[in-house]
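Listed below are the residues making up each chain.
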Amino acid sequence: MAENFVLEVKNLKTYFHSDNGLLPAVDDVSFQLKPGETLGIVGESGSGKSVTSLSIMGLIPKPPGEVRGSIIYKGQDIVQASEKKLREIRGNEIAMIFQEPMTSLNPVFTIGNQMIEAIRLHTSLSKKEAHHKGIEMLKLVGIPRAEEIMGEYPHQLSGGMRQRVMIAMAMSLNPSILIADEPTTALDVTIQAQILDLMRNLKKDYNTSILLITHDLGVVAEMCQRVVVMYGGKVVEEGDVRTIFKEPKHPYTIGLIKSTPKIKENLERLYSIPGNVPSLNNMPKGCTFAPRCEQATEICRNQVPPLFSITGEHKSRCWLNEKDALDNREGA
Amino acid sequence: MFAYTVRRLIMLIPVLIGMSILVFSIIHLIPGDPAKTLLGEKASPEVLEKMREDLGLNDPLLVQYKNYMVNLLQGDLGTSIKTKRSISEEIKPYLAATVELTFFAMLFAVIVGVNAGIIAAWKQNSWFDYIAMLIALIGVSMPVFWLGLMEQYIFAQKLQWLPSIGRDSILNPINSITNFYIIDTVIQGDFDGLKQILKHLILPSIALGTIPMAIIARMTRSSMLEVMKADYIRTARAKGVAQFFLVYKHALKNAFIPVLTVVGLQTGLLLGGAVLTETIFAWPGVGKYLYDAISVRDYPVIQSGILMIATIFVIINLIVDLLYSAIDPRIRYQ
Ligand SMILES: Nc1ncnc2c1ncn2[C@@H]1O[C@H](COP(=O)(O)OP(=O)(O)O)[C@@H](O)[C@H]1O
Ligand SMILES: [Mg+2]
């Protein structure tokens, strides 16, 4: 274990107490984020991606939420950290941007007020210095008329501009990790490409590690080095992006790839995985994907598969891969 | 903001004209001969004719309205039939008494109500939340006269901490200049007087402010709970904003917008004259003034009173709208 990680999520379990008992929104999830990498977390809506990211930020409301396992940041388990300690980390060391740029900024405060607040929370800059820093950040994310925008309100900006403001705010303290939860889902395609470009450039300049959450494998292909595929609150496949696209092992991942539009094939009817993500209070007994899987067998319906190691970092949670994993082990 | 204010002021003109027409018509809506209604069936024809002449009822309607408006615009509300005095002069101390009482009642209602609502929402489902909302529930359904009488019984009669009736002490009356006793005592440096005035204000303010306080507390709580779920609150949390500022800065300014409506409405209601409270506390306010006028059918006074109350409502509405736009930029820029 010589490798060092900026963030290590170990056996994360996030439950919600409800009238139907404990609902496991995130069920034993582990992954690592390396310095300077962009790690994608991909999966259909409802697979537990947002809950995972909010657990890292310590933003799961308790009650009804309950977070177990550990999240190691800088050698410290932040699941156990005090609220005060978490406040020092939030925004400053781990920053986050969200899916809904239209509602993510406070409508009754100016852009400047919200930027300056973020900067001054974690530095000893004066209001004036923070103001200049704010303008500098707005310029950096490509916002024209940055000085004027500081005095304007969120509703005066378009969705794309607001997301740029969110990114400027998140990056203003030079965090070591940026969590982006579907940052482009609510934006139209051209704006989406611009925002992704911006994030790529910022990452290069700042060497920030990015945890990019998306349901779009196209975004993963464009942005990430490694990817974690989530389904029903569990990691079902994990590996570097090239391997996952070339040799996907889990039927769910294969389905996701088949249902992602590619430019050359845009005339063909797109494949879609039959069925829906199971609801939390109605989780299948065995593999959570079994009810939708064309290759499911008896064991799939009865026993939860472990995460099998295929090669190197490539892992898959499917009984079909049991043999691959064993072969590798024997060969090694 | 300036342009918005001007626009709102211009929009007031048709409202005020409509109001004046309505109030003007009141005397013409009295069934039969207004003069006869005022003087009674037994009045002699000469007296009746003189009354008609005095009231201007013999002129064409349009001329009557013109005269009425000209007088109104000069601040002349006409003459009281009962006291034969100028209503504009007569009403001033009553109005001042009501404004002073309303101000303190609403001050109590807003400070206690808003903070109770905030804390109840912040500590949702805590014992504070339950107790505060129980009190608020009792508060909205509390009969004001009963609360007033209980206050008098406990704090005036039993404990003898506070005076139970009136605006000032009979033995030591205020030397009034503006009719607003607080201002009067302050500008004259009469701090003993000021203390007396404040003591007289406490019980009726609480009696009058309890219902608005309860309504405001409930409104603030539900509005805060709604706002705390908003995406921008999550953003602020993710920036590392502490809970206190999350509540009092980020959430409150948004949550206050619907509360403001309630505050405006309740202020208007109180300013309209709270007859019951004013009677119990022998408070010489507009409610009492109007009540007396109605019982002797002093129509010019009733007319003026209604006009006054309607105007107060319009002004409060304007203030509320301006405050909205001060809080919420989306209204300002429409
Ligand atoms: N506060 C909550 N209370 C109860 N259930 C929740 C809560 N937040 C999320 N969930 C449930 O957790 C599951 C995962 O949600 P989420 O992480 O938002 O999915 P996504 O992958 O689309 O981001 C969903 O079934 C959702 O209903
Ligand atoms: Mg999500």
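No experiment lies behind these values; they were computed from the predicted model shown.

Section: the domain arrangement of chain B
Residues and elements named next belong to chain B. Segmenting chain B into domains produces domain 1 (2-89) and domain 2 (92-333). Once you take the C-alpha centre of each, domain 1 and domain 2 turn out to be 32 Å apart. Across the contact, 26 residues belong to domain 1 and 23 residues belong to domain 2. A per-residue breakdown of the area domain 1 buries against domain 2 is headed by Tyr 4, Arg 8 and Met 19, which together make up 24% of the total. At the junction of domain 1 with domain 2, the criterion picks out two salt bridges. For the pair domain 1 and domain 2, the number of links is seven residue pairs in polar contact (both at pLDDT 80 or more). Where the side of domain 1 that touches domain 2 is concerned, the elements lending two or more residues are helix H1 (2-29), helix H2 (34-39), helix H4 (61-73) and helix H5 (87-122). By residue number, the principal contributor to the side of domain 1 that touches domain 2 is H1, which donates 13 residues.

Structural notes on empty space enclosed by the protein
Throughout the structure, instances matching the rule amount to six cavities of 30 Å³ or more. Along its surface, the largest cavity is lined by 13 residues, and Gly91(A), Ala95(A), Met169(A), Ala170(A) and Lys239(B) are the ones closest to its centre. Sorting the residues of the lining of the largest cavity by element identifies strand S6 (94-97), helix H3 (111-122) and helix H6 (159-171) of chain A together with helix H10 (231-239) of chain B as the ones contributing at least two each. Along the lines of polarity and charge, the residues of the lining of the largest cavity split into nine nonpolar, three polar and one charged.

With respect to H10(B)
Those residues of H10(B) not exposed but buried are Tyr232(B), Ile233(B), Thr235(B), Ala236(B), Ala238(B) and Lys239(B). Contacts made by the buried residues of H10(B) are with helix H1 (49-57), S6, H3 and H6 of chain A together with helix H9 (191-227) and helix H11 (243-271) of chain B. At the exit of H10(B) stands Gly240(B), carrying a positive phi of roughly 100 degrees.

Notes on the interface of chain B and chain A
Listed per partner, the contact involves 20 residues of chain B and 27 residues of chain A. Each partner contributes to the roughly 2200 Å² buried at the junction of chain B and chain A, and carbon and sulfur atoms together form 60% of this total. On the chain B side of the contact with chain A, Arg234(B), Ala238(B) and Lys239(B) bury the most area, a combined 27% of that side's loss. For the pair chain B and chain A, the interface holds two salt bridges. A salt bridge links Glu117(A) to Lys249(B), with the nearest nitrogen and oxygen atoms 3.4 Å apart. For the interface between chain B and chain A, the tally reads 13 residue pairs in polar contact (both at pLDDT 80 or more). Mapped onto the side of chain B that touches chain A, the elements with two or more residues apiece are H10, H11 and helix H15 (329-332) of chain B. Among the elements that take part in the side of chain B that touches chain A, H10(B) stands out by supplying seven residues, more than any other.

So, the sheet that holds strand S12 (residues 315-316) of chain A
Residue and element names in this part refer to chain A. Strand order in this open sheet of eight strands is S6-S7-S8-S3-S9-S10-S12-S11, and the pairing throughout is mixed. With one partner strand each, in any of the chains shown, S6 and strand S11 (308-309) form the two edges of the open sheet. Pairing analysis gives five bridges linking strand S3 (residues 38-42) to strand S8 (residues 209-214), with the strands arranged parallel. Bridge pairing links Gly 40 to Leu 212 in S8.

Thoughts on the site of ligand 1
Residues and elements named next belong to chain A. By nearness alone, every residue bordering ligand 1 is listed as Phe 16, Ala 25, Glu 44, Ser 45, Gly 46, Ser 47, Gly 48, Lys 49, Ser 50, Val 51 and Leu 280. Between ligand 1 and the protein, one listed contact pairs an oxygen atom with a backbone N or O atom of Gly 46 at 2.6 Å. At a separation of 2.8 Å, an oxygen atom of ligand 1 approaches a polar backbone atom of Val 51. The fraction of the free accessible surface of ligand 1 (560 Å²) that becomes covered by protein chains is 64%. Counting residues per element, the shell around ligand 1 draws most heavily on H1, which supplies three residues. The class makeup of the residues in the shell around ligand 1 is four nonpolar, five polar and two charged.

About the cut-offs
Residues numbered from 1 in each chain as written. Chains lettered and ligands numbered in written order. Predicted model: local features only at pLDDT ≥ 70, side-chain atom pairs only at ≥ 80, totals over all residues. Heavy atoms only, no water. Domains from an automatic or database assignment. Contact = heavy atoms within 4.5 Å. Buried area = accessible area lost by both parts, 1.4 Å probe. Salt bridge = Lys/Arg side-chain N within 4 Å of Asp/Glu carboxyl O. Polar contact = N/O pair within 3.5 Å; in protein donor to acceptor, adjacent residues only side chain to side chain. Helix = DSSP H or I, 4+ residues; strand = E, 2+ residues; numbered from the N terminus. 1 Å grid on protein atoms, 1.4 Å probe; cavity = no way out; pocket = protein on both sides within 12 Å on 5 of 7 lines; lining within 4 Å. Points joined across faces, edges and corners; volume = space filled by probe spheres on them. Nonpolar A, V, L, I, M, F, W, Y, C, P; charged D, E, K, R; others polar. Buried < 20%, exposed > 50% of the residue type's maximum accessible area, 1.4 Å probe, protein only. Pairing = 2+ DSSP bridges. Near = heavy atom within 4 Å. Areas by Shrake-Rupley, 256 points an atom, 1.4 Å probe, with all protein chains shown as cover.

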